[in-house]
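Working through the structure, step by step
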Amino acid sequence: MATPRLHQETITAINQQVDLVDIVSEHIVLRKSGANFRGACPFHQGSNATALSVNPAKQIYHCFNCGASGNAFQFLMKIGDRSSHEVALDLARKHNIPLRTLEPEQSQEFERQLSHREQLYEVIGLAASFFQHALN
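As a starting point, this report considers the structure included with it. (Residues numbered from 1 in each chain as written. Predicted model: local features only at pLDDT ≥ 70, side-chain atom pairs only at ≥ 80, totals over all residues. Heavy atoms only, no water.)

What follows deals with the pairing of strand E2 (residues 36-39). Here E2 shows a clear split, with Phe37 and Gly39 buried on one side and none of Asn36 and Arg38 buried on the other. Here 3 bridges tie strand E1 (residues 31-33) to E2, and the two strands are oriented antiparallel to one another. Looking at E2, one finds that lysine 32 is bridged to phenylalanine 37. Two successive antiparallel strands, E1 and E2, enclose a turn made up of 2 residues, where glycine 34 displays a positive phi of approximately 70°. For E2 and strand E3 (residues 52-55), the ladder comprises 3 bridges, and the chain directions are antiparallel. Its bridge partner lying in E3, phenylalanine 37 is registered against valine 54. (Buried < 20%, exposed > 50% of the residue type's maximum accessible area, 1.4 Å probe, protein only. Helix = DSSP H or I, 4+ residues; strand = E, 2+ residues; numbered from the N terminus. Pairing = 2+ DSSP bridges.)

Next up, the structure:
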C-alpha cells in the first residue's frame with residue numbers, strides 16, 4: 001500500500017515546531033555569529049570552516065561556497081538522502097505531532113503501519129541496551 005499524502009496542516013505544524021539550529025547542530029558544530037550561526041558545510045569538501053550560515057529567525061540555511069540552501073526539510077533530505085515524506089514522518093514522530101492525511105479512509109491503515117514501526121524501534125532500542133550491558 002502506498003503511503004498517503006500528509007495534510008498541509010501537519011506539514012505546517014512540523015515547520016512551526018522544528019528548530020533548524022537544533023537540527024543542523026546534530027550534524028555539524030555551529031558557532032554564534034551575530035544574529036546567525038555559522039559552521040562547516042556538510043555538503044561539500046572545503047577549507048572554509050564557516051561557509052554554512054543558519055538564520056534562526058527565518059529558519060533557513062545557506063552555504064556561501066556550494067550554494068546549498070533551504071529549510072529544515074531540505075537540510076534533512078539532502079544530508080540523509082531521504083524523501084520529504086520520510087523526513088516529515090521522522091520529524092512528526094520526534095516532536096509528537098499528530099499526523100493527518102489527505103485520504104481519511106487510509107488513515108487507519110497508515111496509523112497501524114506507524115504503530116508497527118514504533119514497536120520495531122522499541123525492540124531495536126531494547127536489543128541495543130541489552131548488548132551494551134552485555135559488553136560492559
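So, on to the nonpolar core. Of all hydrophobic cores here, the largest spans 30 residues; its most connected members are Ile14, Val24, Leu52, Val54, Tyr61 and Phe75. Those elements that place two or more of their residues in this core are helix H1 (8-17), helix H2 (20-25), E3, strand E4 (60-63), helix H3 (72-80) and helix H4 (84-94). With residues near it in sequence (within four places) discarded, valine 24 still touches Leu30, Leu52, Val54 and Phe75. (Core = buried A, V, L, I, M, F, W, Y, C linked by side-chain atoms within 4.5 Å. Contact = heavy atoms within 4.5 Å.)

Between side chains of opposite charge, a pair can form when the charged atoms approach closely. Per the counting criterion, the structure on display carries 3 salt bridges. Glutamate 26 serves as the salt-bridge partner of lysine 94, at 2.5 Å between the closest nitrogen and oxygen. Placement of the pair is lysine 94 in helix H4 and glutamate 26 in the loop between H2 and E1, with a sequence separation of 68 residues. Two residues, aspartate 90 and arginine 93, come together in a salt bridge whose shortest N-O distance is 3.9 Å. Residue aspartate 90 and its partner arginine 93 are both found in helix H4; the two are separated by 3 residues, about one turn of the helix. Overlapping salt bridges, with partners in common, bring together Arg82, Asp90 and Arg93 in one network. (Salt bridge = Lys/Arg side-chain N within 4 Å of Asp/Glu carboxyl O.)

For the rest of this paragraph, the subject is the environment of leucine 30. Tracing the sequence through the fold places leucine 30 in the loop between H2 and E1. The sequence separation of leucine 30 and threonine 50 amounts to 20 residues, and the corresponding C-alpha distance is 8.6 Å.

Our next topic: H4. For H4, the complete set of buried residues consists of Val87, Ala88, Leu89, Asp90, Leu91 and Ala92. Two residues or fewer after H4 comes asparagine 96, characterised by a positive phi angle close to 50°.

Here the focus is the pairing of E4. Every second residue of E4 is oriented toward a common face, the buried set being Tyr61 and Cys63 and the non-buried set Ile60 and His62. Note that E3 and E4 share 4 bridges and pair antiparallel. Looking at E4, one finds that asparagine 55 is bridged to isoleucine 60. As consecutive antiparallel partners, E3 and E4 are separated by 4 residues, and within that stretch glutamine 59 has a phi angle of approximately 60°, a positive value. Here E4 runs beside strand E5 (residues 69-70); their pairing, made up of 2 bridges, is antiparallel. Along E5, the bridge assignment pairs histidine 62 with serine 69.

To summarise the sheet geometry, strands pair through backbone hydrogen bonds and adopt either a parallel or an antiparallel arrangement. Read from one edge of the open sheet, 5 strands run E1-E2-E3-E4-E5, paired in antiparallel fashion. Because the sheet does not close on itself, it has two edges, and the strands there are E1 and E5.

To continue, consider the packing of aromatic side chains. As enumerated under the stated definition, the model contains 4 aromatic pairs in all. Judged by centre distance (6.1 Å) and plane angle (40°), the rings of phenylalanine 43 and tyrosine 61 are tilted. Taken together, the positions of phenylalanine 43 in the loop between E2 and E3 and tyrosine 61 in strand E4 put the pair 18 residues apart, joining distant regions of the chain. In terms of burial, phenylalanine 43 and tyrosine 61 fall into one category: buried. Both rings, one in phenylalanine 43 and one in phenylalanine 75, keep their centres 5.5 Å apart while their planes meet at 65°; by these two values the pair is edge-to-face. In this pair, phenylalanine 43 sits in the loop between E2 and E3 while phenylalanine 75 sits in helix H3, placing the two residues 32 residues apart along the sequence. (Phe/Tyr/Trp six-rings, centres within 6.5 Å; stacked < 30°, edge-to-face > 60°.)

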